[in-house]
Amino acid sequence: MRANRRFYDIEPIAEENALLREQLAEARAEAAKYKGIAEPDASYFRNGGGYTLEHDLAIAECVTKARVSRNQVPRLFIIFGRFYRIKLPTHVQRVPHKKVAGKMTYVERTLLYVGGKTHVKEVCAVLNQAHKLQVGVQLLESPNDSYCYISDGAESLQTDYLAQLLSHRDASGKLQTIALDLSTLHGKSSEAQCAAFRESMRAVAEICRDLNVTTAVEPMLLNFTPSSSMNDRAAPARKAARLVRGVAEGEDDPTCAHHGIVNIFEGGRKEIDKVLKAAMNITEEQSAADAAKIKNMRTHVGWFSSPSCSLIYQTVKYTALFSSKGYAVGSKFRQWILTQLAAQEGDIPGDQLLGSVEDLLAICGSRDYVFFMNAAVTERFSQDGSLLTFLEEEDTMGAEAGGKLRKSILLGFRSDYIMAAVRAMALICDSALWELLRAIGSDTHILDILPVMWPETLAFFEAAAAAPSKVVDGSLTLSLSVAREAKVTPRATRAAIDIARIREKAAGDTIIEKMLSSAFTAMAEGTRNHASEFLPGGNFCSEKITDELRQRLSGMPTTSTSAERTFALGRDHDQRAGACRDDTRSGAILGAMDNTHEFMRGREKGEEEWRMLRRLARRGMKETMAEKRIAAGRVAATERNAKLEGHRAKQAAKKKELARLEAIPLATRYSELKGMVGDELVDQLRKHKLLGKKGFTVTQPNREAYFLQLQTLLLEADPAANDLEDGDSGITGRGIRKKSAGGGGKRKKKKKGVIYYMDYEWTQEEEDDFEVSAIVGKVVADGKATYANQGKAKVGTVLYRVVWKDFPPDLVWYEPEDNLGEGYLKEYEARVAAEAAADEESAREDAELEELEEAEALARDE
């Protein structure tokens, strides 16, 4: 074709050549682009003597998002490079080989331009610095937002950590939480936590200055003060939050709703346990004295210890499908039940549910209310044809796996009382727990949720306590106006079948109704305690909500579970990485929480800032882990020595007080008390306590109560302790009746309408007007002993020993709590609780002193 062209056709040929050259250039550019991908240039990996931002962010993403072990990250580059046929750049480097004649020899090796294990650790440390920058930039960009301070502590790999987070509401109205820091907790005091917050903010302010985000250490960052705080109800945590916010004692913000639910339901569980133990004739004293009797019924699961919770826990543990700590029988049971159901297809009623092991939730590390959630499934497995039958067959065959646990579960399944408690817990869960959990955890303003939720919940608990039968039949359930709609899932469908079966079994069961009534009564009281700030009259009740308060709490979530998520990520990291430096650990965990790699990728001067952050990280990494441990050890030693001095001083004071009390003669007759005043009476009560007497308090509300308590104690030790004249109370200003004329063993004709008791007499009309002078003791009936006027009370009945006005303690009298005014009981129980707490604190200090001295002795021996 071209051969036939004439000379005057040269111009079209030139145009065609130009087009071909242009296409060739495009093809070469395309080829160069793909070659750049298949054979990337070394500059993509290293730049100016260090690795590039993109290279390091790829490593960061592997660690934080793919959750790859840090030691395995370099291998990923090789694996995926080989898979995608990418030729990674290399370089030749002399590396140490071996010593010859005492001198190190070197060899040349071809190495990839990919960071090794040590560099991956460095990237995590740089990520920690980058996260501080991320926090500072966010605070600087939203200076007028109301931030909520969230904190919590937890242990991992024998190290205590403090998680600090900040929550605020973004422009779209959605709650956003960013972690402030995750640091080693060197001191557990409120002051130490506040100091940790200030140190974290100082680090944020300094890094913003060092990277030229601010021209100097920005006061807004250095002195940053959250507008609100969220934590659990523990006193040290609340004090720490006040110190961080700079407010006075008593100006506490709301506490985590999850913690409130946990504590409220735990109170209900304890009441169920009381009724259960009473029905089984098990007292706490019997539990301690005859542990073998209830060994199979009771497993101590921390503070959840109870027969019903033990059964639930054991069932979960025995049937665990994925736990490495279980007995590896969960899959066997699942296989067995599926086979049984397949063989009986068509013969099983549609509403009968026997299997679905996966419905049991793991308890280890979970909140206490998980026991309530697992109650219905545990009850499901107690049916014939389910786990009960499987365990019986295993027991018959003498299967070795989980033998002791299997017998314990069978014993629980066969106990009507324990199963009654399990059903009561299932009914409580269905009637209230799920609804409460659906109400919290959303982005809705906390003041639109909790001031409505808690009063409605309290009203329900009170109604349920009064009418437990309505909870059983399902006509009374908690319906919150602020709860999200329940989702219809296969598990929810199975739960409905479970609760229908449980309602049928629980109908008319008086012990279940008693358990429910006691539990809901305690839960109502728990709500008044743990949610008091949201109830009428509380600082955050509906009537006290203002625009200013709404603004101040706008960044506050309903729960502090974000801190727990931090610790969950930490535990996951520690399982993969083991023990490591604080800066690399924090970088990996906080970077995962807040997508720090994306933050850096979006920075305009990201490459330059990353190099500066790397220099800061390397500066910090010069301090070795050993040096950090020594520095932390010095701080801990200072705190420990201060504790030792304080505890030893208290111990010395206790010994001195003990010696003083031992030298005081103990009164044995009423007449010996008559001349005593003030501290003498207190010392007498302390002496009785020193001698092991229980059931009374050293602190009393008034002078008369001191005398009555002492007279009661003397009378218990010796029935002839009252050596006073008839009609003499031994207490100035307190008159008492004389014994009836027929007292002292003489027979007297009884008058109609007159009550005769222990040589005293009165009319029924007078008894109706009896007034309590003092409560001087409390007992829980064991079903065997006789209690004066009450005779043999039913096991578990709580009785209070009272002294009536116008009568001496010689008139031994017990009353159940329902017969006493609420004011008397609250005052007495408050005194008992206060002294029990003081005794517990004293015992804790003694144990801590012993532990500190043991550690000190071990250190000397080493």
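Bear in mind that the values here come from a model prediction, so they are computed numbers and not experimental data.

### What to know about the nonpolar core
Grouped burial of nonpolar side chains is what soluble globular proteins tend to show. By size, the foremost hydrophobic cluster in this structure holds 104 residues, and its most contacted members are Phe265 and Phe520. For this core, the element with the most residues is helix H16 (residues 416-439), which contributes 16 residues. With residues up to four places along the chain from it excluded, the contact list for Phe520 reads Ile428, Ser431, Phe460, Phe461, Ala464, Ala465 and Val471. Listed in part, the 48 residues of the second largest apolar core include Leu133, Cys194, Ala205 and Leu211.

### As for the sheet that holds strand E13 (residues 814-816)
The strand order across the open sheet formed by three strands is E11-E12-E13, and the pairing between neighbours is antiparallel. Across the chains shown, the open sheet's two edge strands, defined by having one partner strand only, are strand E11 (772-780) and E13. When strand polarity is set aside, the average angle formed by the axes of neighbouring strands in this sheet is 40°. The pairing of strand E12 (residues 798-804) with E13 spans three bridges and is antiparallel. Each bridged residue has a counterpart across the sheet, and for Leu799 the counterpart in E13 is Pro816.

### A short note on the packing of aromatic side chains
With the rule as written, the count across this model stands at 23 aromatic pairs. Here Phe333 and Trp336 contribute two aromatic rings whose centre-to-centre distance is 6.3 Å and whose plane-to-plane angle is 25°, an arrangement assigned as stacked. With Phe333 and Trp336 both in helix H12 (residues 330-343), this residue pair falls three residues apart, about one helical turn. The exposure class assigned to Trp336 is buried, which follows from its relative accessible area of 13%. Ring geometry for Phe534 versus Phe540: centroids 6.2 Å apart, planes at 40°, classification tilted. An identical accessibility class is assigned to Phe534 and Phe540; each is buried.

### Details of helix H2 (residues 53-64)
Residues three or four positions apart in an α-helix share a direction because the helix packs 3.6 residues into each turn. For H2, which comprises 12 residues, the first-to-last C-alpha distance of 16 Å matches the rise-based estimate of 16 Å (1.5 Å per residue) to within 8%. Residues of H2 that are buried: Leu53, His55, Asp56, Leu57, Ile59, Ala60, Cys62, Val63 and Thr64.

### Focus on the pairing of strand E10 (residues 760-763)
On E10, burial follows the alternation: Tyr760 and Trp762 on one face are buried, whereas Glu761 and Thr763 on the facing-out side are not. Relative to E10, strand E9 (residues 754-757) is paired through four bridges, and the arrangement is antiparallel. In the strand pairing of E10, Val754 is matched with Thr763. The hairpin formed by E9 and E10 contains two residues between the paired strands, and Met758 there has a positive phi angle of roughly 50°.

### A closer look at a positive patch on the surface
A cluster of like positive charges, contributed by Arg611, Arg615, Arg619 and Lys622, occupies part of the molecular surface. For Lys622, a relative accessible area of 67% translates into the label exposed.

### Some details on the sheet that holds strand E8 (residues 228-230)
The sheet built from four strands is open, its strands ordered E7-E6-E5-E8 with mixed pairing. Edge positions in the sheet fall to strand E7 (175-184) and E8, since each has one partner strand and no second. Averaged over all pairs of adjacent strands, the angle between strand axes in this sheet comes to 25°, irrespective of strand direction. By the bridge criterion, nine bridges tie strand E5 (residues 148-156) to strand E6 (residues 159-169) in an arrangement that is antiparallel. Directly across from Ser151, in E6, lies its bridge partner Gln164. Strand contacts of helix H4 (residues 117-141): E6 and E7, with the helix running at about 140° to E7, the strand carrying the most contacts.

### What to know about the confidence of the model for the protein
Here the protein averages 84 in pLDDT, and 90% of its residues register 70 or above. Ignoring residues within four places in sequence, the model shows residues 288-304, a span with pLDDT below 50, making 33 contacts including any to other chains. With pLDDT under 50 throughout, residues 346-351 is counted as low confidence; its partners more than four residues away or in other chains account for two contacts.

### Some points on the pattern of salt bridges
Evaluation of the coordinates by the stated rule reveals 52 salt bridges. In this structure, the salt-bridge partner of Asp683 is Arg660, at a minimum N-O distance of 2.8 Å. Taken as a pair, Asp683 in helix H28 (residues 678-690) and Arg660 in helix H26 (residues 625-663) lie far apart in primary sequence, 23 residues in all. Arg801 is the partner of Glu716 in a salt bridge, and the nearest nitrogen-oxygen pair spans 3.2 Å. Of this pair, Glu716 sits in helix H29 (residues 703-717) while Arg801 is found in strand E12, placing the two residues 85 residues apart along the sequence. Look at Glu716 and you get partly exposed, because its relative accessible area is 39%.

Criteria and thresholds
Residues numbered from 1 in each chain as written. Predicted model: local features only at pLDDT ≥ 70, side-chain atom pairs only at ≥ 80, totals over all residues. Heavy atoms only, no water. Core = buried A, V, L, I, M, F, W, Y, C linked by side-chain atoms within 4.5 Å. Buried < 20%, exposed > 50% of the residue type's maximum accessible area, 1.4 Å probe, protein only. Helix = DSSP H or I, 4+ residues; strand = E, 2+ residues; numbered from the N terminus. Contact = heavy atoms within 4.5 Å. Pairing = 2+ DSSP bridges. Axes fitted to C-alpha atoms, helices over the stretch in contact; angles between N-to-C directions. Phe/Tyr/Trp six-rings, centres within 6.5 Å; stacked < 30°, edge-to-face > 60°. Expected span 1.5 Å × (residues − 1). Patch = residues over 30% accessible without salt bridge, like charges linked within 9 Å, V, L, I, M, F, W, Y side chains within 5 Å. Areas by Shrake-Rupley, 256 points an atom, 1.4 Å probe, with all protein chains shown as cover. Salt bridge = Lys/Arg side-chain N within 4 Å of Asp/Glu carboxyl O. Lys, Arg positive; Asp, Glu negative; His and termini not counted. Charge placed at Lys NZ, Arg CZ, Asp CG, Glu CD. pLDDT = per-residue confidence, 0-100.

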